[in-house]
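# Close look at the chain arrangement
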There are 2 protein chains.
Amino acid sequence: MPETPYLLIDMAKTRVNIQAMAEIAEANGVRLRPHTKTHKLPSLAKRQMEAGAVGITVAKISEAEVMAQHGIEDIFVAYPLVTESKVERAVELSRTIRLIVGADSYEGARKLSDIAGRHGHVLNVRLEVDTGFKRTGVLYDEAVALADQINRLPHLSLTGIYTFRGATIDGQATLDLERAGIEEGQLMVKLADEMRNQGISITDVSVGSTPTGRYAAGVRGVTEIRPGTYIFNDRMQAMLGVSTLDECAAAIVTTVVSRPAADYCIVDGGSKTFATDVQPGTEPLQLKGFGHIAEAPDAVLERLSEEHGIIRLAPHHPFRVGDRLHIIPNHICSTLNLHNNVYLADGGLIDKVPVLARGMLE
Amino acid sequence: MPETPYLLIDMAKTRVNIQAMAEIAEANGVRLRPHTKTHKLPSLAKRQMEAGAVGITVAKISEAEVMAQHGIEDIFVAYPLVTESKVERAVELSRTIRLIVGADSYEGARKLSDIAGRHGHVLNVRLEVDTGFKRTGVLYDEAVALADQINRLPHLSLTGIYTFRGATIDGQATLDLERAGIEEGQLMVKLADEMRNQGISITDVSVGSTPTGRYAAGVRGVTEIRPGTYIFNDRMQAMLGVSTLDECAAAIVTTVVSRPAADYCIVDGGSKTFATDVQPGTEPLQLKGFGHIAEAPDAVLERLSEEHGIIRLAPHHPFRVGDRLHIIPNHICSTLNLHNNVYLADGGLIDKVPVLARGMLE
C-alpha cells in the first residue's frame, strides 16, 4: 500500500466517465477534444482518444510537447501564446503533429504570423472569444473585426473560434447549467455565422466544459466540446449535479495522525495535498469544507495547514490514529497538479504513475 | 530569460533575511532551527546552518531523507509519524544523522518505541502540544500526563516539547504578534517546568514562527525557535508587519497574455502557479487579491483560473500584451510548492535550481 497522502484513481470509474462523455459527443454529432489539464497523463489522453476524442486540449506549449512526445498527434493549445520563445516552440511542434494554437489579440496573432513566416510555416489558429467569463478572449462585440484582421495575416490559418464560460451566465456563477451551456453555444454559433457572412471561413466552433458541454453540444452549429474534469469528476461537479459522488474516480487517501479531542482529528493532507482554489462556503455551491470524506460524509474537512487537514467530527466519532480516509477533493484538476505521482487502481492492482505533464509551468 | 511563469528568488535579499533571523536568535540566546518547508532546497538549508542554525525542521520524513542525502545532519520532523513504514524510515535515517521526531499521542509514541526497539534503537522524540491552534498537538491540560507516559516508553528519548501557534491567540487570528509570541513562549515554559517537577527531563522548549519567533525568543526558558517563511518573506508577512514588501525575496514573474478591455488584463499564472490557501479578504489581513504586483501596486490580482490570473486595472493603465510583471505571492511556502524549479538571481546571474524536496508527499 502506498504511503499517505496519495492520489488514488479508480480506473473502472474513469473508463465509465470517459465512455459517457464520448457518447454524449457522438449522440450530438460534435467532436470531443478533452482538456487534459485535469489529468496531465499521456496514457489517459490516449484512452480518451481510443474512446473517440479527435484530439486533446492543453493550456501550455510545454504540456503539448509532453503529450506529443508520447504519441498524441492532434493538440489544441487553448491559450494565447505571446512570447517569442513559446511561439518558436509551437512552430517547431507543428512540424510533427497537427497543432492548433489560441489567439485573442492582434498583437499576439501578428507575432504568431511573423514567427511562423520566418520559418516558412503556417500556424493553425483559433480565435478565443469572451462570452461573459471575463478572462482571456476578445470581447464578444469586437470578435468579428479581430477575426477579419487575423484572417488577413499571411502565415496563419484561422480555422475556428472557441470560448470558455464554465458554469456561469453573464459572469455570475450559476446552477442553471442547461441555460448556461445553450447560451454559450448559441452565442458562438451566431458569431461564427457573422464571421462567415464577412467572408471569413470558420470551421470549428468549440465550446463547452464539463458542466455545460452536454447542453452546448446540442446547439446546432457547435462542432466541438472541450470538457476536462469529467474524466474523474470531483466534489464541485457533484454539487453542480453533473455527476454523483459515486462517479468521482479520484480521491486523496490520508491517514489520521492525531485525535487530540472528541470533536476533531487531523489527517496528513493539507494545502500542499488538496487544492484550495475552490473554497468552502462560496456561492452558489456552498461546499462544506475542502473535500468529501467517504468514511464519514457528515464530517467536515474544515481547515487546511500546509500538511495538516483538520476534520471536525461529531463527538465520539470512532476515528483513531492510523485510520485511512478517502477524501474526494473539491477540485480535482488543481489537486492533481500538486502530486508528482498518482496511483491507478485497476482490478486489485495499484500502479504508481508519474504525472508527466505536471509542473510544466513554462 | 526563463519562460514565464517562474519563481524568481533574489539571493541578496535572501541572505539578508537569513542573517537577520540568525541575529535575533543569537541576541536572545536561543537556538534557531528553521522550518525548510518554505524553500525545500538543501542548498538554502545549508546557508541557514552556515549563518548559525543548529539544524533544520521539516514536515515529512521524505523531506528529511532528501535533506539528509544532501548533507544536513540534524533534522527535526515536526510531525507525528504514526504509520509503520514511516517510522521504519525514521529509525533508518536516525542511524546516520541526528533525527528528532514529533509525537502527540500515546498510540503514536508507542508505535515509535515498539519499532525502534525492534531495531535495538532509541528515537529522539519531542511532544507536540496544542497551545490554542487546534491542529496536531496533545491538549495543553493533558500534556504533562502524556509526557509522563511517553517518558516511560523504553525505546524513546523524550528530549523536548514543541508547539505551533502562528499569528493566533486563543485560536483566533491576531495582529498582536508580540502578545501572541510571548504567550506562546510562556505557556510552553510553564509546561516544561511542570514536567520537570514530575521528574521528566525536558531539554528543548521549541516555539515560534516567522511572525512570533522574535517575541517568543525573548521569553526566558524558551530554547529554540522554528520560523520558516522569514527566509523569503511574503505578502502575508508584509501585511502582518513582519517584513516590508521590499524585504520579500521571492516573486512570480508572469507575462501579460491578454488585455481584452481597459479595466483588466490577464497574466499567465493562475492557481497552478500562485497558491490560494491565503485567500484575499479574510480577517484580519484583508489582503486585496492574490499577490502584490510590483509594477502596479494598485492593481489587483483579483481572480485565478488554473492558468490565468485576472488583474483589475485602473482604466487605461498602460500594461500591454507581452509585458512582464513581478508578483509577490500571498503565501510563499505553498506557492513555491507548486514549482518544480526556482530561479535564483545573484549578481546578475540566474540559476535554475530543482526544488529537490518538493512533492515529497509520502
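This write-up is about the structure you can find in this document. Since the structure is predicted, the reported quantities are computational estimates derived from the model, not experimental observations.

## Comments concerning the overall build of chain A
Within chain A, the regular secondary structure consists of ten helices and 20 strands. Computed over its C-alpha atoms, the radius of gyration of chain A comes to 21 Å, within 12% of the 21 Å expected for a compact globule of 362 residues. Principal-axis analysis of the C-alpha atoms places the extent of chain A at approximately 70 × 40 × 35 Å. For chain A, the proportion of its 362 residues judged to be buried stands at 63%. Long-range contacts, defined as pairs at least 24 residues apart, comprise 67% of the intrachain contacts of chain A with a sequence gap of at least 6.

## Brief notes about helix α4 (residues 84-93) of chain B
Residue and element names in this part refer to chain B. Taken as a whole, α4 has its buried residues at K86, V87, A90, V91 and L93. Along α4, the residues classed as buried sweep out an arc of 165 degrees about the axis, all on the same side. On its buried side, α4 packs onto α3 (61-69), β5 (98-103), α5 (106-118) and β6 (123-130).

## Topic: the relation of the copies chain A and chain B
For these two chains of identical sequence, chain A goes onto chain B by a turn of 180 degrees and a shift of 0.0 Å along the axis, with RMSD 0.0 Å. The relationship between the two copies is best expressed as a two-fold rotation axis. When each C-alpha of chain A is compared by its distance to the rotation axis, A:T276 comes out closest, at 2.8 Å. Both copies share a contact surface, since 100% of the interface residues of chain A are interface residues in chain B too.

## So, the pairing of strand β20 (residues 349-354) of chain A
All names here are of chain A. Where strand β19 (residues 341-346) meets β20, six bridges bridge the pair, whose relative direction is antiparallel. Looking at β20, one finds that L344 is bridged to D351. Here β19 hands over to β20 after two residues, with G347 in that stretch at a positive phi of 55 degrees.

## With respect to the interface of chain A and chain B
Opposite the 63 residues of chain A that make contact, chain B presents 63 residues. Summed over both partners, the interface of chain A with chain B buries about 5300 Å², with 48% contributed by carbon and sulfur atoms. The interface formed by chain A and chain B includes eight salt bridges. The salt bridge involving B:K86 is made with A:D268; its shortest N-O contact spans 3.7 Å. Where chain A meets chain B, there are 33 residue pairs in polar contact (both at pLDDT 80 or more).

## Focus on the pattern of salt bridges
Residue and element names in this part refer to chain A. For the coordinates displayed, the defined rule picks out 46 salt bridges over all chains. Ionic pairing is found between R118 and E88, a salt bridge with its closest N-O pair at 3.1 Å. Of the two residues, R118 is situated in helix α5 (residues 106-118) and E88 in helix α4 (residues 84-93); the sequence distance between them amounts to 30 residues. Relative accessible area serves as the criterion here: at 52%, R118 is assigned to the exposed category. One network of salt bridges, with partners in common, ties together R31, R33, D74, R98, R126, D204 and E224.

## Some words on the state of the cysteines
Such a bond, covalent and formed between the sulfur atoms of two cysteines, is termed a disulfide. All names here are of chain B. Overall, the coordinates contain zero disulfides over all chains when judged by the stated rule. Between C248, a free cysteine, and C333, which holds the nearest cysteine sulfur, the sulfur-to-sulfur gap is 12 Å. Residue class for C248 comes out buried when judged on its relative accessible area of 6%.

## Some details on helix α7 (residues 177-197) of chain A
Residue and element names in this part refer to chain A. Taking 1.5 Å of rise per residue, 21 residues should cover 30 Å, and α7 covers 30 Å from first to last C-alpha, within 8% of that figure. Of the positions making up α7, those classed as buried are L177, A180, G181, E183, E184, G185, M188, V189, L191, A192 and M195. In the stretch just after α7, G199 is the one whose phi turns positive, near 85 degrees.

## Thoughts on the environment of A:G171
Considering the arrangement of structural elements, one finds A:G171 in the loop between β9 (168-169) and β10 (172-173). Remark: the alpha-carbon pair of A:G171 and A:R135, spanning 36 residues in sequence, is separated by 9.8 Å.

## Some points on unusual backbone geometry
Backbone torsion omega between A:T4 and A:P5 reads -5 degrees, so that peptide bond is classified as cis. Considering the arrangement of structural elements, one finds A:P5 in the segment before β1 (6-10). B:E283 connects to B:P284 through a cis peptide bond whose omega is -10 degrees. Structurally, the position occupied by B:P284 is in the loop between β14 (264-267) and β15 (291-293). With a phi angle near 50 degrees, A:D170 is a residue other than glycine that sits in the positive phi range. Inspection of the secondary structure puts A:D170 in the loop between β9 and β10. The exposed category is assigned to A:D170, whose relative accessible area is 58%.

## Some details on the packing of helix α6 (residues 143-151) of chain A against α7(A)
Residues and elements named next belong to chain A. For the pair α6 and α7, interaxial distance at closest approach is 10 Å and the crossing angle is 50 degrees. Accordingly, the angle class assigned to the pair α6 and α7 is oblique. In terms of crossing hand, the pair formed by α6 and α7 is right-handed. Facing A143, V144 and A147 of α6, the residues of α7 in contact are L191, E194 and M195.

## Brief notes about the pairing of strand β8 (residues 156-162) of chain B
Residue and element names in this part refer to chain B. Along β8, six of the seven residues are buried, which leaves the element largely enclosed by surrounding structure. When β6 meets β8, the two strands line up parallel, connected through six bridges. Directly across from V125, in β8, lies its bridge partner L158.

## Regarding the packing of aromatic side chains
Residues and elements named next belong to chain A. Taken as a whole and judged by the stated rule, the model has six aromatic pairs over all chains. Between F133 and F164, the ring centres sit 5.2 Å apart and the planes meet at 90 degrees, which makes this aromatic pair edge-to-face. On the criterion of sequence distance, the pair formed by F133 in the loop between β6 (123-130) and β7 (138-139) and F164 in the loop between β8 (156-162) and β9 is long-range, its members being 31 residues apart. The exposure class of F133 is buried, given its relative accessible area of 16%. The class for F164 is partly exposed, based on a relative accessible area of 28%.

## Focus: the environment of A:T83
All names here are of chain A. Inspection of the secondary structure puts T83 in the loop between β4 (74-80) and α4. The exposure class assigned to T83 is buried, which follows from its relative accessible area of 16%. Expressed as a C-alpha distance, the spacing of T83 and G281, which sit 198 residues apart in the sequence, is 38 Å.

## So, the environment of B:L127
Residues and elements named next belong to chain B. Considering the arrangement of structural elements, one finds L127 in strand β6. Each C-alpha atom of the pair L127 and E3 lies 45 Å from the other, and the pair is 124 residues apart in sequence. For L127, the residues in contact, after removing those within four places along its chain, are A103, D104, V138, A143, L146, A147, I150, L158, G160, I161, Y162 and M195.

Reading the values: the criteria
Residues numbered from 1 in each chain as written. Chains lettered and ligands numbered in written order. Predicted model: local features only at pLDDT ≥ 70, side-chain atom pairs only at ≥ 80, totals over all residues. Heavy atoms only, no water. Helix = DSSP H or I, 4+ residues; strand = E, 2+ residues; numbered from the N terminus. Rg over C-alpha atoms; globule rule 2.2 N^0.38 Å. Buried < 20%, exposed > 50% of the residue type's maximum accessible area, 1.4 Å probe, protein only. Contact = heavy atoms within 4.5 Å. Arc of directions from axis to C-beta. Least-squares fit on C-alpha atoms with pLDDT ≥ 70 in both. Pairing = 2+ DSSP bridges. Buried area = accessible area lost by both parts, 1.4 Å probe. Salt bridge = Lys/Arg side-chain N within 4 Å of Asp/Glu carboxyl O. Polar contact = N/O pair within 3.5 Å; in protein donor to acceptor, adjacent residues only side chain to side chain. Disulfide = S-S within 2.5 Å. Expected span 1.5 Å × (residues − 1). Axes fitted to C-alpha atoms, helices over the stretch in contact; angles between N-to-C directions. Parallel < 35°, antiparallel > 145°, perpendicular 65-115°, else oblique. Left-handed = near helix turned anticlockwise from the far one by under 90°. Phe/Tyr/Trp six-rings, centres within 6.5 Å; stacked < 30°, edge-to-face > 60°.

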